[in-house]
Amino acid sequence: MNRGGERLDDLARVQLACLLRGTAALLATAGRSLSDLPAGRFSVAVTEAISEITGHSSSGSGDLRERVSEIANRASYLAHPEDAARDEGRLEPLLTTVKRDWRERGARGLVAPLRALDQFDDDELFPVGSDAPRDHVTHVNAFLSDLTNVGGTTVAAFNGALGSLLLKYAWCIPHSGSRDVSIHDHTRVMCAIAATLWELRDATDQRLAIIGGDVSGVQAFLYRISSSGALKGLRGRSFYLQLIEEAVGRFLLREWNLPDACRIMEGGGHLYILAPARVLDSLPEVRTRLAEAFIDHHDADLFVAIAGTGISTDDLLDANSIEARFAEVNEKLGRAKRRRGEGLSASRMAQRLFKARDVGSQDHQFCRVCDRSISDAGSSIPSQDDRERRTCALCLSLEDLGHRLRQGSTLVMWHSPDTASAVTSQAETAQDDDDDRSAWGSAAWNGVLGALGLEIRVLRNVNGLTRRGRPHVPINAQTWVLRLQGTDVVQAVADAASLGLDGAVPGFRLLAQATPLTRDGRQVADFAELADAASGSKYIGFLRADVDNLGDTILRGLHTTTSDGTAMNRGTLARRVPDCAGSCSLTFS
């Protein structure tokens with residue numbers, strides 16, 4: 001294996017076969033086909049894999065090709081059965097069709113704009129009238145141009161790049177036979193189902209499982225902090241919670257030897273994984289390991305509940321059955337959230353949670369942001385302006401993370417073969433980027449991520465990094481290089497090459513970019529500085545929005561759409577809600 005985690009096995013072919021089906025659907029909207037792919041710009045491995053799957057190569061096993069095609073066909077049907085309806089390539093967003101009153105029907109006549117994702121602004125995310133102009137030829141040509149420049153050194157990297165480009169360009173075009181499921185959403189769920197079916201292809205028991213995860217303690221972690229310097233770290237805290245979802249999801253996939261595609265939903269502190277039913281037997285073990293990691297780094301403040309239930313392929317096609325299965329998982333998650341620390345021994349719980357600790361009694365020995373004890377505060381009293389000594393290591397590191405996100409352009413992630421090395425990466429970051437902050441060690445935001453085997457770096461300027469400043473990625477680590485300032489997958493490939501990570505999986509992750517700054521524009525402002533900058537009375541205002549009854553809406557509201565509430569619709573709605581919430585963040589900011 002290389003840095004891209006390359007292992008051209010049968011599963012990689014299955015994933016590529018599903019991605020090519022999505023690509024063919026996108027190309028067909030402009031009268032193009034897979035023969036128009038710029039195959040000459042791909043690596044030999046990628047070109048041969050595409051030729052095998054499309055039947056244009058005599059190499060490889062014909063039986064294998066047929067089995068891959070059979071699995072892809074079945075997965076495509078289970079993801080979303082096609083019917084006769086089609087609205088000339090106009091995607092009707094599910095969010096416009098769901099009503100709180102399940103007996104009503106949502107608004108009609110609105111469609112997603114035919115635009116490539118870029119900054120998640122309101123022109124991209126919010127629906128337009130069905131008579132808005134649509135130029136599929138130009139849209140598809142832009143997709144082919146990006147694909148030409150992405151190339152692909154390994155099949156794993158190519159699969160990742162192609163999946164990202166389908167999100168960028170096919171999010172707004174309906175899958176054949178659907179008005180409210182995009183080509184991209186159909187393809188990603190098809191990949192998840194196909195990966196699971198491939199493992200079960202020769203098994204007598206073909207049952208699947210839905211695994212749910214819930215990060216508990218999110219609201220308290222974000223908002224129950226003092227006003228002193230809270231704003232400086234709020235963005236870092238919010239992103240940190242997203243990274244926890246990422247780390248937990250990837251930890252589970254690694255434990256169960258499943259591909260990324262099996263994560264069918266993720267966001268808002270929740271994640272869902274589609275897997276073979278065998279993983280249900282290992283849930284007690286992974287619960288214990290997750291509890292150990294979080295209790296070491298967050299005591300009982302943050303906790304991950306994990307639960308699962310079996311599901312048949314027939315359930316995937318029936319709205320009532322899949323609603324019942326998801327409801328069962330959510331009920332189990334609710335019970336698990338009430339049993340924090342389940343799986344830990346009594347002595348371990350007593351040591352971490354109930355043992356008396358000498359935390360000091362002076363004001364400077366408690367963090368001015370989160371009020372937690374500062375373990376190395378010392379007895380000498382620092383000045384009121386000495387923020388370093390009056391703030392705990394975690395809060396300091398989260399402030400720095402938020403600052404890096406404002407300036408950063410690239411996120412590098414990799415699975416650490418040696419998880420013990422992960423806790424040193426923040427110290428290396430501070431030294432490499434000439435940052436005068438102290439090294440925070442295992443108490444920093446990446447401590448729990450490293451305990452789960454995921455290392456992360458936010459890079460401000462890839463091209464300006466010295467050799468010492470580049471992340472030290474082990475040669476056999478699976479790696480991702482993601483753009484943070486837009487959806488330029490081509491630039492992500494260039495960043496990976498600049499960092500010497502040619503086999504890394506490229507992609508993007510969009511974040512709200514509006515951040516209040518100090519007058520000199522160098523630091524994130526705090527509440528006092530915002531109030532001081534106000535015109536008239538020196539006050540600040542807050543606007544906080546929440547979506548009520550979101551779980552019920554996702555589980556029940558889909559019965560009012562043109563579709564029947566299958567897994568595909570549920571996955572589409574769960575992905576679109578965070579997208580629009582992010583857009584609202586941009587708009588109100």
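Definitions and limits used
Residues numbered from 1 in each chain as written. Predicted model: local features only at pLDDT ≥ 70, side-chain atom pairs only at ≥ 80, totals over all residues. Heavy atoms only, no water. Helix = DSSP H or I, 4+ residues; strand = E, 2+ residues; numbered from the N terminus. Buried < 20%, exposed > 50% of the residue type's maximum accessible area, 1.4 Å probe, protein only. Pairing = 2+ DSSP bridges. Axes fitted to C-alpha atoms, helices over the stretch in contact; angles between N-to-C directions. Contact = heavy atoms within 4.5 Å. Phe/Tyr/Trp six-rings, centres within 6.5 Å; stacked < 30°, edge-to-face > 60°. Lys NZ or Arg CZ within 6 Å of the ring centre and 35° of its normal. Salt bridge = Lys/Arg side-chain N within 4 Å of Asp/Glu carboxyl O.

Chemist: Give me the lowdown on the environment of A132, citing residues and values where you can.
Modeler: Within the fold, A132 resides in the loop between β2 (128-129) and α5 (136-150). For A132, a relative accessible area of 24% corresponds to the partly exposed category. For the pair A132 and R90, spaced 42 residues apart in the sequence, the C-alpha separation amounts to 10.0 Å.

Chemist: Could you give an account of the sheet that holds strand β10 (residues 505-508), naming the residues involved and the relevant values?
Modeler: One open sheet holds the four strands; their spatial order is β8-β7-β9-β10, and the pairing between them is mixed. Pairing within the sheet leaves two strands with one partner each, and these edge strands are β8 (454-459) and β10. On average, adjacent strands in this sheet sit at an angle of 20° to one another, irrespective of strand direction. Of the strand pairs in this sheet, strand β7 (residues 410-415) and β8 are connected by six bridges, and their pairing is antiparallel. If you follow T410 over to β8, its bridge partner there is L459. Together, β7, β9 (479-483) and β10 form the strand contacts of helix α16 (residues 489-498), whose direction differs from that of β9 by roughly 130°.

Chemist: Give me the pairing of β7: which residues, what numbers.
Modeler: Strand residues, when the strand is regular, have side chains that alternate between the two faces of the sheet. Counted residue by residue, β7 has six buried out of six residues, so it is predominantly covered. By the alternation rule, side chains of β7 split into T410, V412 and W414 and L411, M413 and H415, which are all buried. Where β7 meets β9, five bridges bridge the pair, whose relative direction is antiparallel. Bridge pairing in β9 places L411 opposite L482.

Chemist: Quick one: what's the story with the packing of aromatic side chains, residue by residue and with numbers?
Modeler: The geometry of an aromatic ring pair comes down to the distance between the two centres and the angle between the two planes. Tallied over the entire structure, the rule returns four aromatic pairs. Consider the rings of F143 and Y169, whose centres lie 5.8 Å apart with planes at 75°: the pair is edge-to-face. Here the residue F143 occupies a position in helix α5, and Y169 occupies one in helix α6 (residues 155-170), the gap between them amounting to 26 residues. Note on accessibility: F143 and Y169 belong to one class, buried. In this structure, R250 is placed above the aromatic ring of W480, and the distance from its NZ or CZ to the ring centre is 3.9 Å.

Chemist: Can you explain the pattern of salt bridges? Please cite residues and give values.
Modeler: Under the defined criterion, the tally for this structure stands at 19 salt bridges. Of the charged contacts, one joins R13 and E52 as a salt bridge, the two residues approaching to 3.1 Å between their closest N and O atoms. Of this pair, R13 sits in helix α1 (residues 10-28) while E52 sits in helix α2 (residues 44-54), placing them 39 residues apart in sequence. On the accessibility criterion, E52 (16% relative accessible area) is buried.

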